[in-house]
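Letter by letter, the chains look like this.
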Amino acid sequence: MSHLTQQQQEALKAAIQDGLPLTSQPYATLANALNLSEPAIIKQMNAWLKEGYIKRLGLVVRHHAVGYRANAMVVWNIPDQQVDTLGEQLRNHPAITLCYRRPRRLPDWPYNLFCMIHGKDRALVLQQIEQIIQQFRLQDVNHAVLFSNRQFKQTGGRYARVS
Amino acid sequence: MMTTLARQLLDLYQRGLPLSPTPYADMAEELGVSETDVIATPRQLREQKVITRVGPVFDHHKAGASTLVAMAVPPERLTGIADYINQFDAVNHNYAREHDFNLWFVVTAADQAQLNAVLDTIRQECGMPMLNLPMEQAYHIDLSFKLAWQD
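Calculation criteria
Residues numbered from 1 in each chain as written. Chains lettered and ligands numbered in written order. Predicted model: local features only at pLDDT ≥ 70, side-chain atom pairs only at ≥ 80, totals over all residues. Helix = DSSP H or I, 4+ residues; strand = E, 2+ residues; numbered from the N terminus. Rg over C-alpha atoms; globule rule 2.2 N^0.38 Å. Buried ≥ 20, exposed ≤ 12 C-beta atoms within 10 Å, placed from the backbone. Contact = placed C-beta atoms within 7 Å. Nonpolar A, V, L, I, M, F, W, Y, C, P; charged D, E, K, R; others polar. Pairing = 2+ DSSP bridges. Axes fitted to C-alpha atoms, helices over the stretch in contact; angles between N-to-C directions. Parallel < 35°, antiparallel > 145°, perpendicular 65-115°, else oblique. Left-handed = near helix turned anticlockwise from the far one by under 90°. Expected span 1.5 Å × (residues − 1). Arc of directions from axis to C-beta.

Student: Got a sec to walk through the overall build of chain B? Specific residues and values, please.
Tutor: Counting its regular elements, chain B contains six helices and six strands. Tracing chain B from N to C terminus, the helices and strands come up as α-α-α-β-α-β-α-β-β-α-β-β. Since a compact globule built from 151 residues should have a radius of gyration of about 15 Å, the 19 Å found for chain B marks it as more spread out than a globular shape. Each of the three principal axes of chain B carries a C-alpha extent, and together these read 55 × 35 × 30 Å. Sorting the 151 residues of chain B into buried and exposed places 36% on the buried side. Across chain B, the fraction of contacts at a sequence separation of at least 24, relative to all contacts at a separation of at least 6, is 58%.

Student: Requested: an account of the interface of chain A and chain B, with residues and values cited.
Tutor: Listed per partner, the contact involves 64 residues of chain A and 65 residues of chain B. Counting residues per element, the ones that place at least two in the side of chain A that touches chain B are helix H2 (26-34), helix H3 (38-50), strand E1 (54-61), helix H4 (80-90), strand E3 (96-101) and strand E5 (143-154) of chain A. With ten residues, the single largest contributor to the side of chain A that touches chain B is E5 of chain A. A per-class count over the side of chain A that touches chain B returns 32 nonpolar, 16 polar and 16 charged. Pairing geometry for E3 of chain A and strand E6 (residues 137-140) of chain B, over three bridges, is antiparallel. When the sheet's bridge partners are listed, arginine 101 of chain A is paired in E6 of chain B with glutamine 137 of chain B.

Student: Could you give an account of the sheet that holds E5 of chain A, with specific residues and numbers?
Tutor: With antiparallel pairing, the nine strands of this open sheet are ordered in space as E5(B)-E2(B)-E4(B)-E3(B)-E5(A)-E2(A)-E4(A)-E3(A)-E6(B). What marks the edges here is a single partner per strand, and that holds for strand E5 (130-133) and E6 of chain B. Mean inter-strand twist for the sheet, computed between neighbouring axes without regard to direction, equals 25°. Its contacts with the sheet put helix H5 (residues 122-135) of chain A on strand E2 (70-76), strand E4 (113-119) and E5 of chain A, and the angle it makes with E4 of chain A is roughly 140°.

Student: Quick rundown of the packing of helix H1 (residues 6-16) of chain A against H2 of chain A? Include the residues and the values.
Tutor: Residues and elements named next belong to chain A. Where H1 meets H2, the axes come as close as 11 Å, and the angle between the chain directions of the two elements is 125°. By the angle between their directions, the pair H1 and H2 is classed as oblique. Here H1 runs over H2; the crossing is right-handed. Mapping the contact onto sequence places Ala11, Leu12 and Ala15 in H1 and Leu30, Ala33 and Leu34 in H2. Of the residues in the contact of H1 with H2, the class split is six nonpolar, no polar and no charged.

Student: Would you mind going over helix H3 (residues 35-47) of chain B in detail, with residue names and values included?
Tutor: The first and last C-alpha atoms of H3 of chain B sit 19 Å apart over 13 residues, in line with the 18 Å expected at 1.5 Å per residue. Within the sequence span of H3 of chain B, burial applies to Val38, Ile39, Thr41, Pro42 and Leu45 of chain B. One side of H3 of chain B holds all its buried residues, which, seen down the axis, span an arc of 155°. In H3 of chain B, the exposed residues that point more than 90 degrees away from the buried face are Thr36, Arg43 and Glu47 of chain B. Turning to H3 of chain B, the residues buried within the fold contact E1 of chain A together with helix H1 (4-12), helix H2 (23-31) and strand E1 (51-58) of chain B.

Student: Give a description of the pairing of E2 of chain A that names residues and reports values.
Tutor: Residue and element names in this part refer to chain A. Buried residues dominate E2, accounting for seven of its seven residues. Alternating positions in E2 separate into two faces, Ala70, Ala72, Val74 and Trp76 on one and Asn71, Met73 and Val75 on the other, with burial throughout. Bridge count between E2 and E4: seven bridges; the pairing is antiparallel. Considered in E4, the bridge of asparagine 71 is made with histidine 118. The sheet contact formed by E2 and E5 spans five bridges and is antiparallel. Note on E5: the bridge partner recorded for valine 75 is alanine 144.

Interpretation in functional terms is not warranted from these geometric data alone.
Right, here's the structure in full:
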């Protein structure tokens, strides 16, 4: 079986990071452009999907354009020994689309747990946050709600090596 | 206006695009439409800015280095600084948010050294308070949207 070299993998990544060709045989189109074989590309894509290097393959939606106009980042200051437990609980809440731990940057930034809530409007998102506070008993936790009011850029990540 | 086919594609194919030599023909057969229409629809959705692309979403951490950056920009300079930040290919998301740290952007690069180089340039050029907030742990990072069609 043919395996792609590291260099060929980089080239493939660069070629698809802005999307697959919208042609009848997109992998054959890529194969032509990159001087690789179509089966080798499909095999590589399969491997990347299996190992989670590619999280999903499909239409990548701009949430703003499909009615999710209120996007709030809710940040919390959770004691270090509790943050992972809470994160694992919050991940299952239907309103939360993203949930991460990030470092505090004291004194400017005391927050270590980040949740993203995408909703149709601001009032609804605020309601959901209140509900989350009640459900997880976070009344006494220092937090902040940062609505996004303008989107300047949204594209896919650029992973190709810059020379 | 969103066509029925556009809605079906958005509902069914935010993940799981068939990984075959002819994915669009496979989808067309599944949906009982023509391959030509399945290929034309994402083009239209891209022009309408509903989607950015049909393709892979990489795991930021497995695919390279990435971080979230927050910057405190004087409000009257926000648009100018946002435009400057957008010029970097390494910047893929860039939002204004309601906070003293009012500009939030994601930087991705092939590795940590290239990432740091971009951050250093931005820090020096802008000279504004900046927080570098790399992800330490992901609890939930699956951002695909259920679409509730209203019209």
